[in-house]
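If you want the building blocks of each chain, they are given just below.
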Amino acid sequence: MVVEGALAGLHGEALAALGRLAVAGRMVPSTGWFLYGFVRKEAVISSQIEGTQATLRDVAVFEATERAEHPEDVEEVCNYVRALQHARARLREGEPIGTRLLCEAHELLMRGVRGGESEPGTVRTEQNWIGGSTPATARFVPPPPEEVPGALAALEAWIGADDPLPALVRAGAAHAQFETIHPFLDGNGRIGRLLITLLLERWGLLGEPLLYLSYAFRQRQPEYYARLSGVRAHGDWERWVAFYLECVRRAADDGVGLAAALFELHSADRRRVLVDPASTVSAARLVDLLPQHPVVTVPMVAELLGVTAPTARKAIEIAEGAGVLRETSGRERDRVYSYHAYLRALTGEG
Ligand SMILES: Nc1ncnc2c1ncn2[C@@H]1O[C@H](COP(=O)(O)OP(=O)(O)O)[C@@H](O)[C@H]1O
Ligand SMILES: [Mg+2]
C-alpha cells in the first residue's frame with residue numbers, strides 16, 4: 001500500500017488535526033486537566049461500541065462514591081482506564097508494543113468482568129467468531145487458535161521494524177490487523193483501539209491520550225465494521241485507511257472544539273466563584289480541581305485540599321451557591337455534588 005493521491009490528502013488533514021489537538025491540550029497549566037475527561041470519554045465510548053451501558057457521569061459518580069446503578073458496566077470502563085494507565089507506564093519503561101503488553105492490558109481490562117469467561121490476559125486457545133451463533137453462520141471467523149501466537153509475533157515485529165508508511169497510517173493498519181487476528185475471547189475491539197492510542201504515543205504523534213477516536217468509529221459503526229471486513233475479505237487496505245484517517249480527523253477536530261468549550265466554561269465558573277464576597281481560598285482551589293474530579297463529596301474535597309470537613313463543606317457550598325456544583329443524591333447525608341455543566345459539555349449528553 002502507498003499513501004498517495006486522495007489518501008495523502010486525508011493523511012495530511014488528519015495529521016494537522018492531531019497537531020491542533022496536541023496544542024489544545026497545552027492550553028491549560030496541567031496536563032491532567034483535559035486528560036481526566038478525554039480519557040474517560042474514550043473509555044466510555046469504546047466500551048459502548050460493544051454494548052456497555054455506563055455513561056461518563058456514572059463513571060465520575062462511581063469514582064467519587066464507589067456507588068453505581070450498573071456497577072459491572074462502570075467497572076468495565078474503570079478497567080479500561082487502568083489498562084491504559086498501565087500500558088502507558090510500561091511504554092515509558094521502554095516495553096515494546098506487542099503480545100506481552102497487550103496481554104497485560106487485557107488482563108486489567110477483563111479483571112472481574114462478567115463470569116471471567118473471557119480469560120483475562122490470555123491469548124485464546126479456542127476458535128472464536130463475530131456475528132452469528134455458530135462459526136458456520138458467522139460474519140467473520142478469525143484464524144484458528146494455533147495461528148494466533150505467530151500472527152501476534154508478526155504484528156509485533158512489524159510494529160517494531162522500520163516501514164516507509166507514515167506512522168499515523170501504520171497505527172490504523174495495526175488496528176485492522178489486530179482485529180483480524182482477534183487474539184482474545186472478548187475485548188478485542190477495546191484492546192485494538194487502545195493499541196492505536198499507544199502507537200500514537202510511541203511514535204510521537206500525540207504525547208497524551210487526548211484523541212477519543214471511538215467517538216468517530218461509533219458514529220459510523222456499520223462502516224467501521226464493513227471497512228474492517230474489507231481488509232480481511234479482499235485486502236482493501238486503502239478504504240480502511242481512508243475511513244480511519246477521516247475518523248482521526250473528525251475526532252481530533254471535535255476534541256479541539258471540546259477543549260476550548262471546557263476551558264471557557266471553567267474560566268467563567270471560576271470567575272463566578274471568585275467574585276462571590278463570601279468566597280474562600282479553599283473554594284477557589286476546589287474549582288480548580290473540578291475538571292479532574294467533576295463529581296465530589298465532602299470527605300473527598302477535605303482529602304484533596306488537605307482541609308477539615310467543615311472547610312471542605314463551606315467550599316462546596318460556595319461553589320453550589322455560584323451555580324457551579326449541584327447536589328445530585330437528594331440525600332441529607334453522604335451528599336454528592338456534580339459539576340453538572342462540565343459533565344454535560346464533556347459527554348455531549350443532556
Ligand atoms: N467484520 C469484522 N472484521 C474484523 N473485525 C471486526 C469486524 N466486526 C467487528 N470487528 C471488531 O471486533 C470488535 C468486537 O470484538 P470483541 O472481542 O467483542 O471486542 P470488545 O468486547 O472490546 O468490544 C469490534 O469492536 C471491532 O473492532
Ligand atoms: Mg465483546
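Residues numbered from 1 in each chain as written. Chains lettered and ligands numbered in written order. Predicted model: local features only at pLDDT ≥ 70, side-chain atom pairs only at ≥ 80, totals over all residues.

**Student:** Explain the overall build of the chain to me, please; I cannot follow it from the model alone.
**Tutor:** When helices and strands are counted, the chain shows 15 helices and three strands. A compact globule built from 350 residues would reach a C-alpha radius of gyration of about 20 Å, and the chain, at 22 Å, matches this within 12%. For the chain, the spread of C-alpha atoms along the principal axes amounts to about 65 × 45 × 35 Å. (Helix = DSSP H or I, 4+ residues; strand = E, 2+ residues; numbered from the N terminus. Rg over C-alpha atoms; globule rule 2.2 N^0.38 Å.)

**Student:** It is not clear to me how the site of ligand 1 should be interpreted in this structure. Could you clarify?
**Tutor:** As a structural note, the neighbourhood of ligand 1 is formed by 17 residues, with Glu50, Glu179, Asn188, Gly189 and Arg190 the closest of them. Among the secondary structure elements, those contributing two or more residues to the shell around ligand 1 are helix H7 (167-181), helix H8 (188-202) and helix H10 (221-234). Taken together, the residues of the shell around ligand 1 break down into five nonpolar, six polar and six charged. (Near = placed C-beta within 6 Å. Nonpolar A, V, L, I, M, F, W, Y, C, P; charged D, E, K, R; others polar.)

**Student:** When you look at the nonpolar core in this model, what are you seeing that I'm missing?
**Tutor:** The nonpolar side chains of a soluble globular protein tend to be buried with one another. The biggest cluster of nonpolar side chains holds 97 residues, and the ones touching the most others in it are Leu211, Leu213, Val248 and Ala319. If you tally residues by element for this core, the top one is helix H11 (residues 237-275), at 14 residues. Each of two domains, domain 1 (6-13 + 34-254) and domain 2 (276-347), supplies a minimum of three residues to this core. Aside from chain neighbours lying at most four places away, what touches Leu213 is Arg193, Ile196, Cys247, Val248 and Ala251. (Core = buried A, V, L, I, M, F, W, Y, C linked by C-beta atoms within 7 Å. Buried ≥ 20, exposed ≤ 12 C-beta atoms within 10 Å, placed from the backbone. Domains from an automatic or database assignment. Contact = placed C-beta atoms within 7 Å.)

**Student:** Which parts of the structure should I look at to understand the sheet that holds strand S1 (residues 295-296)?
**Tutor:** Within a sheet, each strand pairs with its neighbour through backbone hydrogen bonds, oriented either parallel or antiparallel. Within the open sheet, the three strands sit side by side as S1-S3-S2. Their pairing is antiparallel. Edge strands, defined here as strands with exactly one partner in the open sheet, are S1 and strand S2 (326-327). Here S1 runs beside strand S3 (residues 337-338); their pairing, made up of two bridges, is antiparallel. Residue Val296 lies in a different strand from S3, and its bridge partner there is Tyr337. (Pairing = 2+ DSSP bridges.)

**Student:** Explanation requested: unusual backbone geometry in the structure shown.
**Tutor:** Excluding glycine, residues mostly have negative phi values, and the peptide bonds linking residues are mostly trans. Within the chain, Glu66 stands out as a residue other than glycine whose phi angle is a positive 60 degrees. By the element assignment, Glu66 lies in the loop between helix H3 (56-65) and helix H4 (71-92). A count of 9 C-beta atoms within 10 Å places Glu66 in the exposed class. One non-glycine residue, Glu119, lies in the positive phi region at around 50 degrees. The topology assignment puts Glu119 in the loop between helix H5 (99-110) and helix H6 (148-160). On the basis of neighbour count, Glu119 is assigned to the partly exposed category, with 17 C-beta atoms found within 10 Å.

**Student:** Honestly, H6 in this entry has me stumped. Any pointers?
**Tutor:** Since the α-helix turns once every 3.6 residues, residues separated by three or four places project in the same direction. With 13 residues, H6 extends 18 Å from end C-alpha to end C-alpha; this agrees with the ideal 18 Å at 1.5 Å per step. Listed in full, the buried residues belonging to H6 are Val148, Leu152, Leu155 and Ile159. Down the axis of H6, the buried set is contained in an arc of 60 degrees. They therefore lie on one face. When the buried face of H6 is taken as reference, the exposed residues oriented beyond 90 degrees from it are Gly150, Ala153, Ala154, Ala157 and Gly160. Looking at the buried side of H6, the elements it contacts are H5 and H7. (Expected span 1.5 Å × (residues − 1). Arc of directions from axis to C-beta.)

**Student:** Even after reading the chapter, I still don't get the packing of H7 against H10, so can you show me in this structure?
**Tutor:** Between two packed helices, the angle of one axis relative to the other and the distance separating the axes together describe the packing. The interhelical angle for the contact between H7 and H10, taken along N-to-C directions, is 75 degrees, at an axis separation of 10 Å. It follows that H7 is roughly perpendicular to H10 by the angle criterion. Of H10, the residues touching H7 (which contributes Ala176, Glu179 and Thr180) are Leu228, Val231 and Arg232. Looking at the contact of H7 with H10, its residues break down into three nonpolar, one polar and two charged. (Axes fitted to C-alpha atoms, helices over the stretch in contact; angles between N-to-C directions. Parallel < 35°, antiparallel > 145°, perpendicular 65-115°, else oblique.)

**Student:** Quick question: what am I supposed to make of the environment of Ser338 here?
**Tutor:** Looking at the secondary structure, you find Ser338 in strand S3. On the basis of neighbour counts, which here come to 21 C-beta atoms within 10 Å, the residue Ser338 falls in the buried class. In this structure the C-alpha to C-alpha distance between Ser338 and Val61, which are 277 residues apart in sequence, comes to 8.1 Å. Excluding residues that lie within four positions of it along the chain, Ser338 makes contacts with Pro294, Val295, Leu325, Arg326, Thr328 and Leu343.

**Student:** What's the story with the packing of H4 against H8 in this structure? I'm lost.
**Tutor:** Where H4 meets H8, the axes come as close as 11 Å, and the angle between the chain directions of the two elements is 35 degrees. Pair H4 / H8 crosses with right-handed handedness. Residues Tyr80, Ala83, Leu84, Ala87, Arg88 and Leu91 of H4 touch H8, and the partners they reach there are Arg190, Leu194, Thr197, Leu198, Glu201 and Arg202. (Left-handed = near helix turned anticlockwise from the far one by under 90°.)

**Student:** Help me understand the domain arrangement of the chain, please; the structure alone is not making it clear to me.
**Tutor:** How large an interface is tends to be reported as the accessible area lost when its parts come together. Under the domain assignment used here, the chain contains domain 1 (6-13 + 34-254) and domain 2 (276-347). A straight line from the C-alpha centre of domain 1 to that of domain 2 covers 34 Å. Taken together, the contact pairs 11 residues of domain 1 with 11 residues of domain 2. Going through the elements one at a time, helix H2 (32-49) and H3 are the ones with two or more residues in the side of domain 1 that touches domain 2. A per-class count over the side of domain 1 that touches domain 2 returns five nonpolar, three polar and three charged.

**Student:** Is there a simple way to explain the environment of Gly98 in this structure?
**Tutor:** Tracing the sequence through the fold places Gly98 in the loop between H4 and H5. Here Gly98 falls in the partly exposed class, since 17 other C-beta atoms lie within 10 Å of it. For the pair Gly98 and Glu156, spaced 58 residues apart in the sequence, the C-alpha separation amounts to 4.6 Å.

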